[in-house]
Every structure is written in C-alpha cells, then in structure tokens.
Number of protein chains: 2
Amino acid sequence: MPEFIDNGTRFRLTDPMLAPAAAGYLWNRRMMIQMTCRGYAVSQYMDPEPRKYAHVPTIAGQSFMQPEHRYFAHHPGRFFYVRDNRSGSLFSVPHEPVRARPDSFVFEPGLSDMRWTVEKDGLRVELCLELPEDDVAEIWTATVSNIGESTRDVSFVPYFPVGYMSWMNMGGHFDAELGAVICTSVTPYQAVEDYFRNRHLKDITFLAADRLPDHFEVSQQAFEGEGGLADPSALQAGKNLAGGDAAYEIPAGILQYNLLLPAGGCERFRLIFGPAHDKSEVAMLIGKYLRGDADAVQKATRAYMAEGLGSFEIETPDAAFDAFVNHWLPRQVFYHGDTNRLTTDPQTRNYLQDALGMVFIRPDTTREVILRTASQQSVSGKVPDGILLRPDATLKYINQIPHTDHAVWLVIATCAYLDETNDRSILAASAGWSDSDVKDSLYDHVTRALSFLAGEVDERGLPLIAQGDWNDPMNMVGYKGKGVSGWLAEASSYAMSLWAEVCEAEADRETAGWLRGEAGALVERINAHLWDGDWYARGITDDGKHFGVSADEEGRIYLNAQSWAMLCGAADEDRQARMLRAIDEHLETPYGVAMFAPAYTRMREDVGRLTQKWPGSAENGAVYNHAAAFYAAGLYHIKESDRAYRVLRAMLTEPKAEDIAVRGQLPLYIPNYYRGAWRQYPRTAGRSSNLFNTGTASWFYRLVIEQLCGLRGTRDGVVIAPQIPSDWDRCRFRRTFRGAIFEVDVERVCGLTDREIDVDRELLDGDVLRRVERGRTYQVRVRLPERA
Amino acid sequence: MPEFIDNGTRFRLTDPMLAPAAAGYLWNRRMMIQMTCRGYAVSQYMDPEPRKYAHVPTIAGQSFMQPEHRYFAHHPGRFFYVRDNRSGSLFSVPHEPVRARPDSFVFEPGLSDMRWTVEKDGLRVELCLELPEDDVAEIWTATVSNIGESTRDVSFVPYFPVGYMSWMNMGGHFDAELGAVICTSVTPYQAVEDYFRNRHLKDITFLAADRLPDHFEVSQQAFEGEGGLADPSALQAGKNLAGGDAAYEIPAGILQYNLLLPAGGCERFRLIFGPAHDKSEVAMLIGKYLRGDADAVQKATRAYMAEGLGSFEIETPDAAFDAFVNHWLPRQVFYHGDTNRLTTDPQTRNYLQDALGMVFIRPDTTREVILRTASQQSVSGKVPDGILLRPDATLKYINQIPHTDHAVWLVIATCAYLDETNDRSILAASAGWSDSDVKDSLYDHVTRALSFLAGEVDERGLPLIAQGDWNDPMNMVGYKGKGVSGWLAEASSYAMSLWAEVCEAEADRETAGWLRGEAGALVERINAHLWDGDWYARGITDDGKHFGVSADEEGRIYLNAQSWAMLCGAADEDRQARMLRAIDEHLETPYGVAMFAPAYTRMREDVGRLTQKWPGSAENGAVYNHAAAFYAAGLYHIKESDRAYRVLRAMLTEPKAEDIAVRGQLPLYIPNYYRGAWRQYPRTAGRSSNLFNTGTASWFYRLVIEQLCGLRGTRDGVVIAPQIPSDWDRCRFRRTFRGAIFEVDVERVCGLTDREIDVDRELLDGDVLRRVERGRTYQVRVRLPERA
C-alpha cells in the first residue's frame, strides 16, 4: 500500500502500474526535476532563461510550464537496463522502457532525494537521485545486487537519452580522458547578435560515472536498432555496445558495465548527468561530485532543504495532513519562493504570493520581493504584469497581456509581511520607479498603486478588467475597454481596507479615511450592481451583460466572486447563507470545489479564452486549488471553519491507492488544479494537473498557520484564535514567531461554554498576547467548547 | 531488387529494412506529404502559413523545413493494424509500429500516388494514398484480401495518430452522424487580436471512412495501454475497441472493422484524413471524396501532375537517368514552382530559381514571379531578402537577416525567361516599388538592381557580404560592414554580362557599355585580389583576412568561388586547369563534389554559422547539390562536358540497394545535400538530407536541356550544341520550344572530324537555327565525332 514513511518525510509507492505519471520532484536554486515512478523525467535549469539538457526527440516548442505533461515512448527519462548474460533476458529500472513486471517495486521520493528499489529474477537494483545545492547536475547512485543463490553474469546499462538538441549542430562522443559521454550542440540562432548572446550557454550535456564503462554507445539510433527502446538491438543476447559516436544524430549517454556477481555480491556506481558550458566545467563537476566527498554533498543538499522547512509543526488527528503540512507543504512554498518558479519574469501576482508564503520561511525574501516589485512600478502607480529578475529578462507569454489586478497583491503581500515580522521599517524603505529617477518610500508606492487602481473604473465606479485579472484566461470580457470585474471590485475593497489599517497605524488619517471611503463605496457598488439573487456576478462585459449569473447556462456561478465577497465584507449573513447553498449546489464535487460551473462547452466571445480550455482541463470548470484556497480564506473569515477545513483537505491527494489512481498524483504537493466539470465529464474529473506551480501552496500554509491554528501577528503582538474542525478533539503545534517559540495545545473540553486561553499557565484576557519576547518559549493552552 | 517500373513513372522497393527513412512524396497546390516506406509521415498544408494536421506527441517547435527528419516511435504515421481474431497475432502495414517481418513487401511511390502491398500469414493488404487536386486531404484506399485457403476472421484497424494538437484545447470524439472521428483543438494564443486572426484556422483533424466501423477509439493512451504502439492493449486477443473519447488527451483516429474473409475474399475501404475548419467542411470533404466519383478525383490529380511533367523527353544509354529526367525531375521542379516550397515568404533567391525551372513547364509562372519580385524592390534598386506572397505574410527565419546577392538571381531568372520564351514584352511590363508610388518597367527594375549591387562595394570595389550571400550561414565574414564576397564578385560580373546582352538587344548602348565595363572591372579585381595560386579565395573577412585559401586549415577551398569564376570568365585556361586539379584533390568524394573542404571542426568567428553546422550536416563540408549544379554549369561553360555529366549524375541516387542503403533515399528527387566531410567522417558520408527543397532541381533540369542536350533559345532562334558524355554513342530527345517541337537525334560517328547538324535533312550552317516556326516539328540530327 502507498504510505508515508520516515515520520512523513518520505513516501512509498510499491506499484508502478497504479498511476504511471505519479511523480516526485527535486530542485535546487538553479534547476528542477520531476520524475515519474517509472523513470520519465521533466527537468529544466536557468541559463539564464529556462532550458533543457535532456530533450524530446523532435524540435521542441518553447512554452511556459504546462499542466498534465504527456509521456510517450521516446520521452526523456533515466533508464537502467539489466541484462542477464546467460539467458539474455532484459529488464529496465525504474520500469520504462522495457516495462517488465518486477518481482517487487518501491519508489520512495523524499524531501531531498528520490529512491527506487526494484527486484527481478534474483537481482536487486537500488537507485538514488540527488541534486547538488548550487550546481546544475543530477547525481545518481545505483547499486546492483545479486540476491539469489548463484553467481550472476549481468550487464548493467545506464541509458540517458539526450534527445534532439539542435537543428544547427548536435552530436556526441565518448571522451576517454574525462571518462564521459559528451553531447555537443549549438543553440540555433539566425541573427549574428544572438551568436554573442548564446556564447555563454551550457550547450553540452554529459554523462559520467565513477568508473570507466566496459563498453559504450552514443547514438540513440544505433542503440535501438530494429528492437526499439523496449528491446534494443544493441543489447540483444551476446552483444556488447559498439562504441560509436553520434554525428548530427540524436545522442544519448549509454554505458555498459559487465558484472560478475557472486551470490550476495553487489556493485555500486555513481553517475552525474547534466549540462555544461565546456569540457573544463564537465571536469570540474566530475571532480566535485564523483571524486569528491559524497557525504558532504548530501549534507549540503539536506541542509538546503531543511532551510526551507519552515518553523511550524503540527500534530492533529489526521496523520497524512500532518505529514503534508510539516514537510511537503513548506517544501512546496520554499520551491516557489526560492526559485521564482524557474522564470526570469514571474507574473507579478505569482511573485508576490510566492513571497507571501516565504514570510514563514525566510521573511527577508518577502521583503526583497516587495521592494523589487515596487521599484518596477510606474510613477502612475500602476503595477506591471511581470517582474524582471535580471537586467536581460523580458516579459513573455501572458505577461505581455494587460491585466488589472496586480496592485491588490502588492498590498496583500506587504500586509502579510507586516503581520508576521512587524518590520515596519519596510514602509520607509525607498524604491525607484520604472519610468522616473525619483525614489519614494514603499508606503507611497503601495498607496499610489491603490490610487491608480481606484482610478481605473467605469462610470459605475467598478474596476475595468482589460484583458484579464486574476483569472487570466477571461480575456474578452473587457478588451474593448468597458467590461468590469466583480471579483476585482471585491479584491480592491479588501486591499483598501487592509491598507487603511496600515495607514492608520502610521497615523496617516487622511489616506486611511480615503481608503475606508473607497472600500465602503466599492462594497455598495458591488451590492448595487453585482448581487444576482443568490450569489454575486463575476462581472459585466463590454456590452453591459452580467455574467456568472443565474441566467447563464454555462459559467453560471464563479467561486472567486463569492469568496472575496466574504473577505471584503460585502455579503451580509443572509447573503452568505445563500452563497454557501449555491456553492454547495453548483460547485461542490467529490474532488473539491470547482472554480465555476457549469463548464463552458463552446466559445463565448464576450468572456474569452477561458471558454476554450477544454472541459476538465486547466481553468474551465476545474477544481482550481488557488481559487479553493481563497474560498477557504473566506470561510475562515466568516468563521465557517468546518467547511474551510474540508475545502483545504480536498486539495490533498489521500495516500490511498484509489485516490492516487484517480488523481494520478502522489500526496507530495498541491497541483494547480484537479480536473473538474464532474457532472459533464465524470471520467476525467479528479485528475491532477501534476503541475506544482501554484499560488495555492502559500495560501494553504498561511491558512493552516494563521486560521486553522489561528496564531497570527498584529502590530501589538499575536492573536491566538484557532479554528480547528469540530471533530478534532485535540491539536498541537509549535511555531517560531518573531524570534519566540509558541508551543500550543488546543483541546476540546466537554462542558466548556467559552474559549479559554492560558499562556504559560496564566489565563489570557481576550485572544491577543501583547509584547512577544524574542528568545522566549511560550506554552499556550487553548480550551475550546465541544461543538453542537 | 529496387527498380523503376511502369516506364520509369513508378519505383519499387521490396525491403522495408533497407533504408527505413526512404520516402516518397506527394503534393498538391495546398499541401505536401512525405511518407517513409514504413509508414511514418511528414505533412503540412497552408492555412495560410504552413501548419500540421497530424502532430508529434509533444509541443512542437515551429521551424523551416529541416533536413534529415528524425523518426521515433510516436512520430506521426499512418498505420493499419491487422489482427487474426483466432490466433490473436498482430501485424501492421506498411511496417510500423509492429515491425513484424512481412512475407512480402512492396512500396511503390508513383508520380501521383503511393502504393504498398504487404503480405503476411495468408493475408494481403494493399494501400494507396492519393491527394485531391485542390483540397487538403489524404485519400486512402485499403484492400484486405485472404490469399490463403481457409476462411479468416480478422480485425482491420486503421490507426491515424493525431498527436499533441494544442495546450489550449484538444480532444476528440466519434461523430456518428458524420461517421468520422473528429479531433478538435484551438490554436494557442495569448493576445485577444490573435483570437480573431486564428478564427478561420482549420483546427479540426478528422478521419472518416466509406463505412461505419464496428468499433472505434479516440484516445491514443486508451488504445496503447501498457502494450505500447507495438502491441496495443486495446488490440489484445479477444478485445474490441472500447469506443471512448479524448478529453484534453492526445487524440487519434482509430477504426476497427471485423471481417470474415472466405478464401480469395477481399474487402475494400476508402478513408479520408485531414484538417477542416468545422463539421460542415468535414461533411463536404466526405461527400466529395468518399461518396463522390473516385475515378474523377484520380483523373483530376493525374491531370494536375501531368501538367507539371514539362515538355522534354530524353532517351540515353542511362535508363535510370532517363527515368529521373523524364518524370521525377520535372515533377520536383513543378513542386517548387507551383507551391513555392509551401511558404508565404520564399527567400528571393529560391523564389527566382524555382521560377527559372518553370520556364520549361509553365513560363507564365516565371513571368509572374519576376514581376512580383520587381514590385517588392526598393526604389534604391535593392532586392529584398524574401518575397511576400500574401498581404498578411511576414518575413521569417533567415529572411530577417541581411543578404546581398538577390539582384544576381533577378537577372539570371529574367534572362532564362527571355532565352526560353523570347517574350520581350516582359521588359516593358511595369511594376511598382515597395517604397514608392511610381511604377517603372521591368527593364528599369533589373538595371537598377544591378546599379544598387555595383554600389555596395568596399574600397577595392569588391561586393560587401553583410550577414551572408548565397551561402546563408557564412554570417560573420562581413557583419561589421567590411568583409567582401569573392563569389558575389563573380556572380555580379556574370549577371552584369548577361544583362549587358539584353541591354544591347534593346539598343541601350549606354547601359550595356556601363555593365560591360563593370563586369570587366570586377573580373580584374577578382584576379587581382582573390586568386590564391591554385584557386580563388571565397572572400575577405571584416579584418581583411582572405579565407577559402591554401593557408586555411579548414574551409581551405570553396567550390562556388571556382564554378562562378568559370561562368564569369575570370579564369584563363591555365587557371581553369589548376582549379580543376584542386577541386579533384580537395573536394571530390565518392558521393559527389563537396561544397568546401576540409569541413570545419570548430567555430571560426570571422566566418560564422557555417562552421557550427556539424561536419556532414547541411552545408559544412557537405556535397551540397545546388553548389554542385553550378559547378556543372561552370564545367559546361568551359566545355568540360564529361566532368559536368559526372557531377550531375552523382546527385542521383542509383536505383541499387547499396546506394539506397548508404544514402537512405529513393531515386525520386535530388535532396539539398548528401553528407560530405568524407575524409573526416566516412561513416556518415553520402547520407541524404531527405529534403527535396532545393534550387538544384531547376538548374539540373536547365543544364540537361540547354547544355547536355544543348538546345537553348536566343533572341534570333535556337542554338543546337549538345555536350553529351564521350562514352555515349547516342542520345535522343524531344523538346517543345516556343510552340515548335524538336526531335533531336545525337549520335557519335566514327571517323567524323567536325560536328554536323541537319535540320529536316538540311545541313545547318553553324549551330543556330534562326526563326523557329510555331506548330512545326523539326527533325534534327546531330553527328558528333568520337572523342579521343
């Protein structure tokens, strides 16, 4: 059975057939690799833009990271063939491409490595993949053991396909001096300027091992022959690899080791695979990782991962939830925050939300992100669609399309940073503007962002949507310059209220007053123009048509327009109750709450791209976890904590065979979506995008810490207000906060009528502990009444 | 054995193992398909830019047509599985993906169709692929016969993978009303403008048959299962296709027919596969091609192909040469000239040379091309790098890089048109300019192009090369604005001399005199600055360094710089002899004459991209047939006719197993290159690019007609001056020329000392027949002395 092991820090899957695309992922500061349990790989690194060192077998399109990655026979992978030289029988580890049924199979992705143990016909192969802390390289350890009773004569053949590197120049050869397969290429270009621009690129892919192979091959075609990948001609009985090269042919790193293993005997190999600029870099990496101190490498990598594990631990009645929240969730938050999703021009909203999660891990990063964002604002106050992380970066893909919501996230991230750190010096920190030489304080930057946002409204005072807001693909609501966003009205009001508090604390009553006025006016307009009877409309199109309303046959109700109405306070209790009923009726599915429903089945030219996403894919009718997280936020806001927990919990793949089979995903990360449109497409509903890039991680973490556990900072101190599910008797957590440690024990107590809080055995008056002392450990006991 | 059949109009290959990538190709005005003997396909159509309707399984990169296309397991193909329902045994036709060894195999690509006949275990499958004349669609006929003695129960399963259509939206379903698999997609876009731009695109791919299948499947993954393409799970014994759909999954058209075939029995199917804009277009195509008159379709297609077969027939001692020149060569010329290589922005030099070949097929096209080119010239006289064929076309890829040679080809194409048609009205035809409202005569346009060319020279008077000339990838010789091209000096001189003749004929003595002066001056400069002792240098770099000279270790001698020195008359007899010796020594290989040698093995930053093409690929040290054709032209020019024939003949794949195996190509077209660098890379030398896009076809055809057969037009009439190889005793040909027919019989006569020409049994004085009468048939006898 699939299960968490090692105190939740590792997962174990014992069936390669259960979910072929189920994968783990590793990363470091410069690269990422996602590997399926069966051996296919997707990896990329920064050079400085995202690039690959193992390619598909055809000229690849450049694209942003796509959900639901498709694997196929010649997809890049890391394969280890094992041939019995007496019988000629062949299998491959992890599982592809031979797909022979193993006697036993274990895939164990951990926090800083991935392991496999596969046994077949008396042989055991153990694999371990690790990444170095800072270099771009895969470090593989492989052990082949004879677990049978008699001596075995086997060939062990690591096979690392490199794929179609370049139409301009590609090839490969074995470099005897380095003991490595060196695959060379030149990144294609046409204009001479690009030659100079590309000169620094790591156009080599190499594979080296800690011992020279007995035989090798470099040409994929020569290796495969007529037998194909599942039964390569070059590995047919009695044959050894021919030792050829690849000249403008598709190269691969293929090493053959002939082993004579006595009963109980084993042989161990270390390999390194990755890109390099030149041979001296290959030599350096070999020296460092094959000849260097393997333990030191492992230690550094583990230390790097540990750094990201945050300062929060929880113990609840839900062990899988604990494993996820204590290890895998902060890891996912750290991945986003430390790598910026491996882009050089993150979308502003992603960049800020990823940084928001980092307040619990490394708040300096959050500070830096906020200030860099501010420095790329226009003097008008407008926040750009993407943030350039390098001077040579450019805005790409969706960042070239005008969206209107970015100011909101600047406010939210700044407030989250203040809540957690109380580092109010950030408000005075000065930042420039993209189109002026003047510098101003962050406080002014954020205020001006809101003032710009307040100005971009229609005659009703509702915010224009342009070619999209937080729902990117809704690009045709307002492209003529008139359509407005109901969600953005709510989000603006929410952001303005948040910022008004900061202004008040800074004694800027004028700005605070103006913001409160604007926020209130927005709420009035929302209620005047967007309430549809049982829920809020998502917006009004260029032609003045409300959408996301009961009159719509498709896209009738949108989750975000409801969640944020809760957050901004637009909905009174009666409306809240109606919204919740409507959400239950229209959006609830066995796999979570859909972002909207019914899914579109045809193009609606006054809504846009969203409707062209196939039902069940991406946003169209999907259980979009980022939206679900905000629904949970709204629910906590209105104290619907049981519902909120249910919504959060539904995002996690259960460590059970059925759930993994349906979702095609291991419980190691929250994907950006699960397929929805459950009513129309039950066959595909629940399927995971298998893409772990999502703002969900930050919000999930924040909600668990600040709402579920309920320990959140204020200007004065810390609020202690857990909202645990009513069926939990007890929950304990430990959290580092502003240099102090809080050990909190939350219990339901029979017969209690009101919540009681003890701090270090003293009863707290209210739920705010003022003046948190650095270095101190607080013992907190929260007693909650049992729920009805 | 492989051989030409049906009088050379069809080729027969009987071994699918001989050359797996050996392919035939079909096209019509809107599409092209290249199919390997084993069933993989590369196809594209214009919509209006080149697009695919069958895709690779991953997001594909957009690129120009690449040489040496790589096939892999999940490459698009057209596969027909046959399963014996009693034994469960499976094979696929043509050969992929099951790769079962057939009892017999015949692949017969013809001029307007491709056929296969494959027999295995008492079953015969015949396939035929045809294209309609004007629509984008593949029309397949498949016949399954029982050639055994007992009744057979088989499932016949056409399997047409559609691949990764779009990240934005893709899927598929079986439309019972149309009886077709409909795979839908939306071409991805980000900006709202592109939505409107893309709305007309044919985003559907469909497969329909002339009868409803017993079962079907639409999801590739569901079909393959764990068995993979070679042994699909859905076809395992006893199973029928499950009839699913594909929802954001990779779709395929898969139809299952269960057949009970008595001994001798057969069943015939017609299928249609292709793109469509909507279901009504699918219905229209089904009506036209599955329910319509199949014979009429075939007739129209054959008539279209016949139109392109030109007006020239030859009979020589070399039967394979005859088959190629009479059918396949004009077909290749026609493909280029009628489809513009399926681009909307052909490179100017390609566009004009392709049109040059069309003078022998449909000279109106040549006229149109010349005038369109002139109309896109700048008033400065500059000829652009690419010609836009539609108002919405843009310059792409290499057409965005400044090259300096285009004027040369405008002159050459215009002169070729005049030589063939004597339609001097073209000179007065008026054309606009890209940057002015004025219109001027073509005569002025061409003269101004040369005057611009004459002005773009360095202080020595040699032409600047900018980022390239006819050798595109030599992009770093002159990017700083100083480097010059030796080849372009020769080509300019040659073009100026050609145009001077036209000017003289038009009684424009002033221009003629100026051009002769310039041409002569260029020859002097070439000899003063570029003669290296035994051959001509290719050019002089920005830093003043001669290259393509004996002092160079790599890229020491370039063929073009020699061939065009012959054409422009720069080389005297002594120099010609030295050049020929040098070419023999350095450039001759068993697979033809290399474009330069030795191939580069490392980047040379003062020459450029060329050096980054891997040895043996594309231009780097390759037998580049276009260059070889000009070498042949130069050789005919200096009356080296035996060498010239050898050079031409080396471009043709022999219809012999050995040659097909080495080159990986059938003898149906001239590819743009064969791999060279024979001395450094003997393993890959000779391998075909398998890309039939090349200016070689036009020049090969022209040289055979005008030089080998020696019948070419002049202002006054026709020159009759055959230059047949010395070991040919006889050669006959028939040619339509200016409305007359020439039937020419060339014979070597023992004891003759001087050539003798009879026209209609009257001895001709000299070799020019003046005044060719339309409608008349001329019987010409040429008697040649035997050579020493």
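Remember, it's a predicted structure, so these values are computed and weren't measured experimentally. (Residues numbered from 1 in each chain as written. Chains lettered and ligands numbered in written order. Predicted model: local features only at pLDDT ≥ 70, side-chain atom pairs only at ≥ 80, totals over all residues. Heavy atoms only, no water.)

Applying the stated rule across the entire model yields 119 aromatic pairs over all chains. With 5.9 Å between their ring centres and 20° between their planes, A:W116 and A:W140 make a pair best called stacked. Residue A:W116 is located in strand β10 (residues 114–120), and its partner A:W140 is located in strand β12 (residues 138–146); the two are separated by 24 residues in the primary sequence. The buried category is assigned to A:W116, whose relative accessible area is 0%. Note on A:W140: relative accessible area 0%, which makes it buried. Pairing B:Y304 with B:F334 gives two aromatic rings, centres 5.2 Å apart and planes at 50°, and the pair type is tilted. Placement of B:Y304 in helix α4 (residues 294–307) and of B:F334 in helix α5 (residues 319–339) is noted, with a sequence separation of 30 residues between them. By relative accessible area, which is 1% here, B:Y304 ends up buried. The exposure class of B:F334 is buried, given its relative accessible area of 1%. By the ring-pair criterion, three or more aromatic residues cluster together here, those being A:Y45, A:Y53, A:F80, A:F107, A:W116, A:W140, A:F156, A:F160, A:Y257, A:F269 and A:F273. Here the basic side chain of B:R70 rests over the ring of A:Y248, its NZ or CZ set 4.5 Å away from the ring centre. (Phe/Tyr/Trp six-rings, centres within 6.5 Å; stacked < 30°, edge-to-face > 60°. Helix = DSSP H or I, 4+ residues; strand = E, 2+ residues; numbered from the N terminus. Buried < 20%, exposed > 50% of the residue type's maximum accessible area, 1.4 Å probe, protein only. Lys NZ or Arg CZ within 6 Å of the ring centre and 35° of its normal.)

With that settled, the discussion passes to the relation of the copies chain B and chain A. For these two chains of identical sequence, chain B goes onto chain A by a turn of 180° and a shift of 0.0 Å along the axis, with RMSD 0.0 Å. Expressed as an axis order, the relation between the two copies is that of a two-fold axis. It is B:G61 whose C-alpha, among those of chain B, lies nearest the rotation axis, at 1.8 Å. Both copies present the same face, since 100% of the interface residues in chain B are matched by interface residues at the equivalent positions in chain A. (Least-squares fit on C-alpha atoms with pLDDT ≥ 70 in both. Contact = heavy atoms within 4.5 Å.)

What follows is about the interface of chain B and chain A. Counting residues at the interface gives 64 residues for chain B and 64 residues for chain A. Summed over both sides, the interface between chain B and chain A buries roughly 5500 Å², with carbon and sulfur atoms accounting for 54% of that surface. In this structure, A:R683 and B:D245 form a salt bridge, with 2.6 Å as the shortest nitrogen-oxygen distance. The tally of links between chain B and chain A comes to 28 residue pairs in polar contact (both at pLDDT 80 or more). Those elements giving two or more residues to the side of chain B that touches chain A turn out to be α1 (192–198) and β18 (246–247) of chain B. Broken down by class, the residue content of the side of chain B that touches chain A amounts to 33 nonpolar, 16 polar and 15 charged. (Buried area = accessible area lost by both parts, 1.4 Å probe. Salt bridge = Lys/Arg side-chain N within 4 Å of Asp/Glu carboxyl O. Polar contact = N/O pair within 3.5 Å; in protein donor to acceptor, adjacent residues only side chain to side chain. Nonpolar A, V, L, I, M, F, W, Y, C, P; charged D, E, K, R; others polar.)

According to UniProt, the feature "domain: Glycoside hydrolase family 65 C-terminal" (unreviewed entry) maps to residues 712–747 of chain A in the numbering used here. The distance separating the terminal C-alpha atoms of residues 712–747 of chain A is 19 Å; by composition the span is 0% helix and 61% strand. (UniProt positions renumbered as here; feature names shortened; annotations may be inferred.)

Once that is clear, we can look at the sheet that holds strand β38 (residues 762–763) of chain A. Residue and element names in this part refer to chain A. With respect to topology, six strands assemble into an open sheet ordered β21-β35-β36-β40-β37-β38, the strand pairing being mixed. Lying at the two open borders of the sheet, with one neighbouring strand each, are β21 (312–315) and β38. Sheet topology places strand β37 (residues 756–759) next to β38; two bridges connect them, and they run antiparallel. Counterpart to D758 in the pairing with β38 is L763. (Pairing = 2+ DSSP bridges.)

Residue and element names in this part refer to chain B. For T348, the location among the structural elements is in helix α6 (residues 348–358). The class for T348 is buried, based on a relative accessible area of 0%. At 3.2 Å, the side chain of T348 forms a polar contact with the backbone nitrogen of G386. Non-local contacts of T348, meaning those with residues more than four positions away in its chain, are made with T373, V383, P384, D385, G386, I387 and H406.

In this section: the environment of A:D214. Residue and element names in this part refer to chain A. Along the chain, the position of D214 falls in the loop between β16 (204–209) and β17 (215–219). Remark: the alpha-carbon pair of D214 and Q376, spanning 162 residues in sequence, is separated by 56 Å. Other than its neighbours up to four places away in sequence, D214 contacts Q256, Y257 and N258. In terms of polar contacts, D214 uses its side chain to reach the backbone amide nitrogen of N258, at 2.6 Å.

Below, the discussion takes up the side chain of B:R270. Residues and elements named next belong to chain B. You can see R270 is positioned in strand β20 (residues 266–276). One buried charged residue, R270, forms no salt bridge at all, with the nearest opposite charge on E130 at 4.4 Å. Side-chain polar atoms of R270 contact the side chain of T141, separated by 3.4 Å. Of the polar contacts made by the side chain of R270, one reaches the backbone oxygen of Y289; its length is 3.5 Å. Excluding its chain neighbours within four sequence positions, the residues that come into contact with R270 are E130, I139, W140, T141, A208, A209, D210, Y289, L290 and A294. (Lys, Arg positive; Asp, Glu negative; His and termini not counted.)

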